Amino acid sequence: MVEERIKDATKILNLLRSMSDFKPHFEVIGNYRLIDDGLRPEATIMLRANGKEMHEAETGVGPVDALAKVLKKSLKSLFPKIDEVKLVDFSSRIFDPGAGTAAGVEVEILFSNGKDAWKVKAFSENICRASFMALVDGFEYGIYISRPPTPTLPLEGGGEGRG
């Protein structure tokens, strides 16, 4: 089944982040900025990766598209494989219908690079913030799986770890 081939990148990244030797491929400096006039949203971001700081802006057909484009634009020069990563599906749901527009929102995004598929989830009271956090995790995982494994010591039981 197709669903069985979709990796839960949120769980994998949470596990990796709990390990003392984990270092993310990039770091968001501060926060994103989003200007949405309803016609042509613009997103701005500052990132740090490989000792280099990048400040980029990009527009999109909607706020999530603008955020995805600015992240990819920032990361592409250091991680060219990120260009293969595509957002395949996007969904959101609220957790407290009684709270109306102030309800907490969970965003789930499905990504693919043409050979692998993975999903990420993020939660916030702000749908744009939840979307941004899910995009960051989706691109982080996309970079993670595109990098060759680093040699590690064999694990107990004869398996090998991924570095």
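Enquirer: How should the nonpolar core be read in this particular structure?
Expert: Within soluble globular proteins, side chains that are nonpolar tend to cluster in buried spots. Counting residues in hydrophobic clusters, the biggest one holds 36 residues, and the most contacted among them are Leu71, Leu75, Phe111, Leu135 and Phe139. When contributions to this core are tallied by element, the ones reaching two or more residues are α1 (9–17), β4 (42–49), α2 (63–75), β7 (105–112), β8 (117–124) and α3 (127–146). If we skip the residues at most four places from it in the chain, phenylalanine 139 touches Phe26, Ala68, Leu71, Lys72, Leu75, Ile82, Val85 and Phe111.

Enquirer: Looking at this model, I keep getting lost on the side chain of serine 131. Mind explaining?
Expert: In this fold, serine 131 is placed in helix α3. Look at serine 131 and you get buried, because its relative accessible area is 1%. A distance of 2.7 Å separates the side chain of serine 131 from the backbone oxygen of isoleucine 127, its partner in a polar contact. Setting aside residues up to four positions removed in sequence, serine 131 forms contacts with Val64, Phe90, Val107 and Ile109.

Enquirer: Please explain the packing of α1 against α3 as it appears in this structure.
Expert: How two helices pack is summed up by the angle between their axes together with the distance between the axes. Where α1 meets α3, the axes come as close as 10 Å, and the angle between the chain directions of the two elements is 75 degrees. Classed by the angle they form, the pair α1 and α3 counts as roughly perpendicular. Where α1 abuts α3, its residues Ala9, Ile12, Leu13, Leu16 and Arg17 lie against Asp137, Glu140, Tyr141 and Tyr144. Here the contact of α1 with α3 is built from residues that sort into six nonpolar, no polar and three charged.

Enquirer: Honestly, the pairing of β4 in this entry has me stumped. Any pointers?
Expert: Each regular strand carries side chains that alternate between the two faces of the sheet. In terms of strand pairing, strand β2 (residues 27–28) meets β4 through two bridges, oriented antiparallel. Bridge pairing links glutamate 27 to arginine 48 in β4. With three bridges joining them, strand β3 (residues 33–35) and β4 adopt antiparallel strand pairing. If you follow isoleucine 35 over to β4, its bridge partner there is glutamate 42. Where β3 folds back onto β4 in an antiparallel hairpin, the turn is made up of six residues, including glycine 38, whose phi is positive at roughly 85 degrees.

Enquirer: When you look at the packing of aromatic side chains in this model, what are you seeing that I'm missing?
Expert: Between two aromatic rings, the relevant description is the distance of the centres plus the angle of the planes. Scanning the model with the defined rule gives six aromatic pairs in all. Ring geometry for tyrosine 32 against phenylalanine 132: centres 4.6 Å apart, planes inclined by 40 degrees, an arrangement best described as tilted. Taken together, the residues tyrosine 32 in the loop between β2 and β3 and phenylalanine 132 in helix α3 connect sequence positions 100 residues apart. For the residue pair tyrosine 32 and phenylalanine 132, the accessibility class agrees, reading buried in each case. Measuring from centroid to centroid gives 5.5 Å for tryptophan 118 and tyrosine 141, while their planes differ by 55 degrees, and the two rings are tilted.

Enquirer: Got a minute to help me understand the sheet that holds β8 in this structure?
Expert: Neighbouring strands of a sheet are bound in pairs by backbone hydrogen bonds; such pairs are parallel or else antiparallel. Ordered by their spatial adjacency, four strands build an open sheet running β1-β8-β7-β6, and the pairing between neighbours is mixed. Every other strand in the sheet has two partners, leaving β1 (6–8) and β6 (86–94) as the edge strands with one partner each. Neighbour-to-neighbour, the strand axes of the sheet open up by a mean angle of 25 degrees, direction not taken into account. Pairing between β7 and β8: eight bridges, direction antiparallel. The residue of β8 that forms the bridge with phenylalanine 111 is tryptophan 118.

What counts, and where the lines are drawn
Residues numbered from 1 in each chain as written. Predicted model: local features only at pLDDT ≥ 70, side-chain atom pairs only at ≥ 80, totals over all residues. Heavy atoms only, no water. Core = buried A, V, L, I, M, F, W, Y, C linked by side-chain atoms within 4.5 Å. Buried < 20%, exposed > 50% of the residue type's maximum accessible area, 1.4 Å probe, protein only. Helix = DSSP H or I, 4+ residues; strand = E, 2+ residues; numbered from the N terminus. Contact = heavy atoms within 4.5 Å. Polar contact = N/O pair within 3.5 Å; in protein donor to acceptor, adjacent residues only side chain to side chain. Axes fitted to C-alpha atoms, helices over the stretch in contact; angles between N-to-C directions. Parallel < 35°, antiparallel > 145°, perpendicular 65-115°, else oblique. Nonpolar A, V, L, I, M, F, W, Y, C, P; charged D, E, K, R; others polar. Pairing = 2+ DSSP bridges. Phe/Tyr/Trp six-rings, centres within 6.5 Å; stacked < 30°, edge-to-face > 60°.

Honestly, it's all geometry; don't read function into it.
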